[in-house]
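Residue strings, one per chain:
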Amino acid sequence: GFEAWIDEQIEMEPTYLLPELEIAMAHLSQLCYDGNGPFNICDGLENGAAQYFQAAWWQAHMIAPDILRQRIAFALSQIFVVSGLPFGTNHFAFPLSDYYDIFMEHGLGNYEDLLMAITLHPIMGVYLTHFNNPRTLPEENIRPDENYAREVMQLFSIGLFELNPDGSKKLDNEGNFIPTYDNDDIKEFAKVFTGLGNGAPDGDFGTPPSPFLVDFMRPMRMYEFWHEPGPKYLLNDFVVPAGQSGMQDIAMAINHLTHHPNTGPFICHRLIQHLVKSNPSPAYIERISSVFADNGQGVRGDLGAVVKAILLDPEARDCSWLEEMQNGKLREPIGRYTHILKAFRYSNETNRYYNDPFWFLGLQQQLPLWAPSVFNFYLPDFQPNGPIAEADLVAPEFQLHNTATSISYINILNFWTFGGFIMDNGFVYESIGEELPEEELIRPQIGDLLGWENTEVLLDELNLVLCHGRLSNSTRAIVQTALDQLDDTFGAIPELRVGLAVYLIMMSPDYTVLR
């Protein structure tokens, strides 16, 4: 049953990226330097190029039994965003993997622990500039950096406007939205996030954030001299008292944000959008927010309980919602990529999947931890022009769907279904002038499909595997006509017949819009 499976997944040990990265680096390093000498791609390996984070991510995704945790981690990585883009190409595979493992550790744990770990990670510290954030020094015209103070409220906890438990915005007496914070609040929070720097035991505050000088694998530590002294006046008349240590100030501020009445509906709304649908009803949001407030055992912020409630909610499970106009969401590019890999059980003999997917980034504008900004790949309230906007609905993932990416997706489908190319797991072999060994070729396991010459039977199975039984009669007729028109030459090749069916279904709205 669904509930028992979710409970089992929550209790399962996480599949962390760091161990997979270490295994991948050791294997690829042996290829690079085993009598062949260094090449450009191998130099990148030695320098810990960020592309090897991608290799580890895809390896973990392909082999991990804790698939729910993997899915939640990717969703959370699009809420608590850092990106590999500003860190350049070298030396950050390990720090990026270490940051992503925060979601593996806490993604089904407690929100407060998650937010604290994110706050202290040096990747986030550099990305949102509270690494080496100093106290106020008026004589030198130095004041605390406000970047993280703003984003931890706007994007990671309470949002821009006060919310009701159902996610709707509160209104003042004049019918205007009520801001959750103002510039003075940002300045006060900025004081809290001062004094954090290099976490190495022998580190110094002010060390430039170079991978040669800073230990990016340790949480930032507090340098008390550089922490802003005195009280901090936060939201709703909450005061962080003077005289505490810097870490006590931070812990109190994180707890304050966790218990803000906005945090539950704000975070739960975002998770529902990533996991189930773009336009959840207010009642759906309120039901999940109540679980965030109390998991039934007096615990606030239990993300495992929240995820379970999201996936088992009547709005996610009841078939009556299938006919509602506001139901559904566009599958994001990574979702389509990972789905075809799992739907047809792609595998190889070595169980190694060291994908270098930057070709996919160029064509579809999405890779894990590679967003263009802290606002993710798409905005949660994005409205594409046309019927969706006219109905005052949102469709976040459509921000990635344009004249370029829509056509490139069809071309990618051609690679996947006819070209025999699904992963660039041979990039190191190519760099040393060798072909990918036969045992590392990644192929789909579609033996049953190949034997179904009856078109009706084949389409029934693909309808289930790809469209959850939602393949429309009109799309089915198009695919069936195409299969019937295969001539004797191509129709006699089962792989081409199955490939054509998959190709046409996966470019249809029946597949790309998850309802």
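For the structure, check the block above.
Sequence order sets the numbering: in each chain, residues are counted from 1 along the sequence as written. Note on the predicted model: pLDDT of at least 70 is required for a residue's local features to be given, and 80 or more for side-chain atom pairs to be given and counted; whole-chain, interface and lining totals, by contrast, use all residues. Hydrogens and waters are ignored; side-chain quantities use all the structure's heavy atoms.

Explain the packing of helix 13 (residues 282-293) against helix 14 (residues 303-312) to me, please; I cannot follow it from the model alone.
Packed helix pairs are specified by the crossing angle of their axes together with the interaxial distance, meaning the distance between the axes. Here the axes come from fitting lines to C-alpha atoms, over the contacting stretch only for helices, and the angles between their N-to-C directions go from 0 to 180 degrees. Helix numbering and strand numbering both begin at the N terminus, where a helix is a DSSP run of H or I of at least 4 residues and a strand a DSSP run of E of at least 2. Contact pair helix 13 / helix 14: the axes reach a minimum separation of 8 Å and the direction vectors enclose 155°. Comparing the axis directions of helix 13 and helix 14 gives the class roughly antiparallel. Handedness of the helix 13/helix 14 crossing: right-handed. Along the contact surface, helix 13 presents Tyr 284, Ile 288, Val 291 and Phe 292, while helix 14 presents Leu 303, Ala 305, Val 306, Ala 309 and Ile 310. The class makeup of the residues in the contact of helix 13 with helix 14 is nine nonpolar, no polar and no charged. Angle categories are assigned with fixed cut-offs, so that under 35 degrees is roughly parallel, over 145 is roughly antiparallel, 65 to 115 is roughly perpendicular, and the rest are oblique. Helix crossings fall into two classes, left-handed where the near helix is turned counterclockwise from the far one by less than a right angle and right-handed where it is turned clockwise. Here, two residues are considered to be in contact whenever any of their heavy atoms come within 4.5 Å of each other. By the convention adopted, Pro, Cys, Tyr, Trp, Phe, Met, Ile, Leu, Val and Ala count as nonpolar, Lys, Arg, Asp and Glu as charged, and the other residues, Gly among them, as polar.

Is there a simple way to think about unusual backbone geometry in this case?
Positive phi outside glycine occurs at Asn 351, with the angle close to 60°. Mapped onto the elements of the fold, Asn 351 is located in the loop between helix 16 (333-343) and helix 17 (358-364). Residue class for Asn 351 comes out partly exposed when judged on its relative accessible area of 40%. Each residue's exposure class comes from its accessible area (1.4 Å probe, protein chains only) as a fraction of the maximum for that residue type: buried when under 20%, exposed when over 50%, partly exposed otherwise.

So what exactly am I meant to see when it comes to the nonpolar core here?
The nonpolar side chains of a soluble globular protein tend to be buried with one another. For the purposes of this section, nonpolar cores are sets of buried Ala, Val, Leu, Ile, Met, Phe, Trp, Tyr and Cys residues that join through side-chain atoms within 4.5 Å. Residues Phe 80, Tyr 100, Phe 156, Phe 344, Trp 416 and Leu 466 are the most contacted members of the largest nonpolar core, which totals 129 residues. By residue number, the principal contributor to this core is helix 25 (residues 494-506), which donates eight residues. When near neighbours in sequence (up to four residues on either side) are disregarded, Leu 466 contacts Arg 331, His 339, Ala 343, Phe 344, Val 502, Ile 505, Met 506 and Tyr 511. Within the second largest apolar cluster, 16 residues are counted, among which are Leu 18, Met 25, Leu 28 and Val 428.

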